[in-house]
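Examining the three-dimensional arrangement
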Amino acid sequence: MNKNYMVSLIAVIVLFLIAYVGAAQGTGLQMVFGIIFPYLAILLFIVGFVRKVMGWARSPVPFQITTTCGQQKSMPWIKQAKIDNPSCTGGVVARMALEIFCLRSLFRNTRMKLKSGPHLTYQLEIFLWVAALAFHYAFFAVVVRHLRFFTEPIPCFVTLIENLDSFMRAEVIYDAIQVGVPGIYMSGLILLAAVTYLFLRRIFLPQVRYISQAADYFPLFLIMGIALSGIFMRYFSKVDVVSIKELIMGLVTFQPTIPEGISALFFAHLFLVCVLLMYFPNSKLMHFGGIFLSPTRNMAGNTREVRHVNPWNYPVKVHTYEEYEDDFRDKMIEAGLPVTKMPEEQA
Amino acid sequence: MKDKKIILVGVAIFVVVVTFPFWYNLGRSAPAPEVVLTPKAQAAEVCVMPTEFMKADHMKLLDVWRHDVVRNGNRIFVNPDGKAFEMSLSNTCLDCHSNTTEFCDRCHDYASVRPYCWDCHIENPKGE
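As the structure is a prediction and not an experimental result, all values here were calculated from the model. (Residues numbered from 1 in each chain as written. Chains lettered and ligands numbered in written order. Predicted model: local features only at pLDDT ≥ 70, side-chain atom pairs only at ≥ 80, totals over all residues. Heavy atoms only, no water.)

1. Re the overall build of chain B
The helix and strand inventory of chain B stands at six helices and two strands. Along its sequence from the N terminus, chain B presents helices and strands in the succession α-α-α-α-β-β-α-α. The globule rule puts the C-alpha radius of gyration for 128 residues at 14 Å, and the 23 Å found for chain B is more than 25% above it. Relative to its 128 residues, chain B shows a buried fraction of 34%. Put simply, of all contacts in chain B between residues at least 6 apart along the chain, 58% involve residues at least 24 apart. By element, 62% of the accessible surface of chain B is carried by carbon and sulfur atoms, the whole surface being about 8,100 Å². (Helix = DSSP H or I, 4+ residues; strand = E, 2+ residues; numbered from the N terminus. Rg over C-alpha atoms; globule rule 2.2 N^0.38 Å. Buried < 20%, exposed > 50% of the residue type's maximum accessible area, 1.4 Å probe, protein only. Contact = heavy atoms within 4.5 Å. Areas by Shrake-Rupley, 256 points an atom, 1.4 Å probe, with all protein chains shown as cover.)

Okay, here's the thing in structure tokens:
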């Protein structure tokens with residue numbers, strides 16, 4: 001029991017119930033949860049996201065703080081780690097692509113342990129990377145799949161993802177759990193499993209639990225709630241999909257309507273998504289934009305070749321020795337002090 | 001920061017991608033499709049279950065029917081009103097809804113659902 005995750009869990013449950021109970025009250029509140037909140041959410045998401053990124057863009061980078069994970073470019077006979085310590089744009093692009101598409105930093109995750117005696121060991125901890133990779137790609141597939149509700153006609157890449165993602169039948173204790181006819185989407189189940197792992201990791205690893213805040217648990221619970229309500233609607237308590245698409249299409253074509261007969265569970269699902277979108281720009285979830293702007297990754301490790309000038313530096317007025325000598329040369333000669341330039345040479 | 005231009009390009013790409021549904025559907029309206037009932041379906045007035053249930057749950061019902069017929073050999077379905085029906089897609093469902101293109105397909109296409117009924121069954125067994 002820990003107040004950080006209890007607060008987040010209760011917050012998500014309350015948010016769910018607000019929308020679930022509210023939408024069951026009739027068309028008035030359905031308009032709030034089905035029209036007003038989605039528009040508000042997408043607006044706040046885009047504006048907040050852009051503001052945050054532009055704020056980062058305005059921030060100066062005082063130092064070349066790239067992390068060097070290999071040999072820097074040096075003498076020609078010393079082999080450079082071209083991706084781990086890139087010295088040119090190409091290498092930086094390769095490093096960023098690996099970071100963004102493969103979450104390479106998480107792959108380096110190690111766990112320290114004192115093993116029988118005073119020997120500290122580091123062991124590869126691969127499961128964070130596996131779960132994070134599964135989570136992000138499953139989330140991506142889920143988002144793309146949902147475009148079938150947002151487009152008419154449905155573009156071919158959406159149907160392609162749907163086909164890749166779905167398999168037709170899963171008979172689990174068949175009479176008790178009827179999940180036969182709508183195809184099973186792997187992404188939904190993988191998303192839920194991965195987010196559950198990421199949560200349990202925070203609960204069961206003492207070091208991770210120690211650094212976990214409510215702001216770490218809240219998005220996990222929120223995504224869990226979204227995935228659970230979505231899975232529940234698809235496989236167990238069926239909803240009228242055609243009316244739901246009518247509602248969504250009304251939103252994206254700016255002719256909002258609330259068709260009849262949409263289950264309150266759908267409004268709860270939609271509301272949790274809206275909360276996620278509104279919460280997004282003000283939270284740790286901004287790592288979506290931030291990963292592109294991480295100076296430890298997107299700068300070249302060429303500190304010996306190129307001088308990085310701190311943009312904060314104001315122009316300092318300098319008076320060099322040569323200028324000093326020009327000012328006082330005659331007096332210096334008179335006093336018998338050595339000078340670098342003799343006045344005769346000037347003439 | 002000197003990379004401001006690159007960041008602006010990235011932000012522009014982000015906004016374009018996120019607003020995809022808005023500009024993709026620009027100038028189009030996509031109302032829910034109208035399903036056409038055959039005269040026979042109109043005359044029958046009610047389906048095997050209430051319309052609201054059929055709209056959302058028909059696939060579940062068909063799945064249960066298939067399971068009951070194929071695994072249990074039970075061919076009779078009794079609905080909550082006590083009316084009995086033969087559990088058969090071809091002989092019961094398609095008897096009234098013989099217009100699959102105007103009935104089944106319209107909603108399935110709209111929601112991008114591709115049921116595999118027609119892998120085995122023919123769409124209009126009576127050729128009406």
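2. Some details on the domain arrangement of chain A
Partitioning chain A into structural domains gives domain 1 (2-314) and domain 2 (319-347). Taking the mean C-alpha position of each, domain 1 of chain A and domain 2 of chain A sit 68 Å from one another. (Domains from an automatic or database assignment.)

3. Some words on the interface of chain B and chain A
Note on interface size: it is often stated as the accessible area lost on association of the parts. On the chain A side, the residues contacting the 37 residues of chain B number 49 residues. Carbon and sulfur atoms make up 68% of the surface buried where chain B meets chain A, a total of about 3,900 Å² over both sides. At the boundary of chain B with chain A, the tally comes to one salt bridge. In this structure, B:Arg114 engages A:Glu162 in a salt bridge whose closest nitrogen and oxygen atoms are separated by 3.2 Å. If you look at where chain B meets chain A, you find nine residue pairs in polar contact (both at pLDDT 80 or more). Mapped onto the side of chain B that touches chain A, the elements with two or more residues apiece are helix H1 (4-18), helix H2 (20-24), helix H4 (51-72) and helix H6 (104-110) of chain B. The element that contributes the greatest number of residues to the side of chain B that touches chain A is H4(B), accounting for 10 residues. Of the residues in the side of chain B that touches chain A, the class split is 22 nonpolar, five polar and 10 charged. (Buried area = accessible area lost by both parts, 1.4 Å probe. Salt bridge = Lys/Arg side-chain N within 4 Å of Asp/Glu carboxyl O. Polar contact = N/O pair within 3.5 Å; in protein donor to acceptor, adjacent residues only side chain to side chain. Nonpolar A, V, L, I, M, F, W, Y, C, P; charged D, E, K, R; others polar.)

4. Describing the environment of B:Phe85
All names here are of chain B. With respect to the secondary-structure elements, Phe85 resides in strand S2 (residues 84-86). Residue Phe85 is classed as buried on the basis of its relative accessible area, which comes to 18%. Put simply, Phe85 and Val11 are 74 residues apart on the chain and 59 Å apart in space, counted from C-alpha to C-alpha. Leaving out residues up to four positions away in the same chain, Phe85 has contacts with Val48, Arg75, Ile76, Phe77, Asn79 and Thr92.

5. Observations concerning the packing of aromatic side chains
Enumeration according to the criterion identifies 30 aromatic pairs over all chains in this entry. Relative to A:Phe280, the ring of A:Phe45 lies with its centre 5.3 Å away and its plane at 85°, an arrangement referred to as edge-to-face. Separated by 235 residues along the polypeptide, A:Phe45 in helix H2 (residues 27-58) and A:Phe280 in the loop between helix H11 (264-279) and helix H12 (287-290) bring together distant segments of the chain. With relative accessibility at 7%, the residue A:Phe45 sits in the buried group. Overall, A:Phe280 belongs to the buried group, its relative accessible area being 14%. Ring pairing ties together the aromatic residues A:Phe45, A:Phe49, A:Phe280, A:Phe288 and B:Phe14, which thus form one cluster. The ring of A:Tyr185 carries the charged tip of A:Arg145 above its face, separated from the ring centre by 3.8 Å. (Phe/Tyr/Trp six-rings, centres within 6.5 Å; stacked < 30°, edge-to-face > 60°. Lys NZ or Arg CZ within 6 Å of the ring centre and 35° of its normal.)

6. A word on the side chain of A:Thr253
Following the sequence through the fold, A:Thr253 ends up in the loop between helix H10 (241-252) and H11. In this structure the side chain of A:Thr253 is engaged in a polar contact, spanning 2.6 Å, whose partner is the backbone oxygen of A:Met249. When neighbours within four sequence positions are excluded, A:Thr253 is seen to be in contact with B:Asn25, B:Arg28 and B:Ser29.

7. Some points on unusual backbone geometry
Residue and element names in this part refer to chain A. Geometrically, the link from Glu152 to Pro153 is a cis peptide bond, its omega value of 0° lying close to zero. With respect to the helices and strands, Pro153 occurs in the loop between helix H5 (127-146) and helix H6 (156-165). Phi at Phe254 takes a positive value of approximately 60°, unusual for a residue other than glycine. Following the sequence through the fold, Phe254 ends up in the loop between H10 and H11.

8. Digging into the nonpolar core
In terms of nonpolar packing, the biggest core is built from 66 residues, with A:Phe199, A:Leu247, A:Phe266 and A:Phe267 touching the most fellow members. Sequence-distant contacts of A:Phe267, defined by excluding residues within four places in its chain, comprise A:Ala19, A:Ala23, A:Gln30, A:Phe33, A:Gly34, A:Leu247, A:Ile258 and A:Ile262. Grouped together as the second largest cluster of nonpolar side chains are nine residues, B:Met54, B:Val69, B:Phe85 and B:Met87 included. (Core = buried A, V, L, I, M, F, W, Y, C linked by side-chain atoms within 4.5 Å.)

9. Description of the state of the cysteines
All names here are of chain B. A complete count under the given rule lists zero disulfides over all chains for this structure. Unpaired in terms of disulfides, Cys93 finds its nearest cysteine sulfur in Cys47, a separation of 6.9 Å. Residue classification places Cys93 among the partly exposed positions, given a relative accessible area of 21%. Cysteine Cys96 is unpaired, with the sulfur of Cys47 as its nearest cysteine sulfur at 7.3 Å. (Disulfide = S-S within 2.5 Å.)

10. Re the confidence of the model for chain B
Of the residues in chain B, 96% have a pLDDT of 70 or more, and the chain-wide mean is 86. Reported confidence for the predicted complex is 0.89 by ipTM and 0.87 by pTM. (pLDDT = per-residue confidence, 0-100.)

11. Structural notes on helix H14 (residues 321-334) of chain A
All names here are of chain A. Taking 1.5 Å per residue as the helical rise, H14 with its 14 residues ought to reach 20 Å, and the 18 Å between its terminal C-alpha atoms agrees with that figure. Taken residue by residue, H14 has Glu325, Arg329 and Met332 as its buried positions. Following H14 by one or two positions, Gly336 has its phi on the positive side, about 80°. (Expected span 1.5 Å × (residues − 1).)

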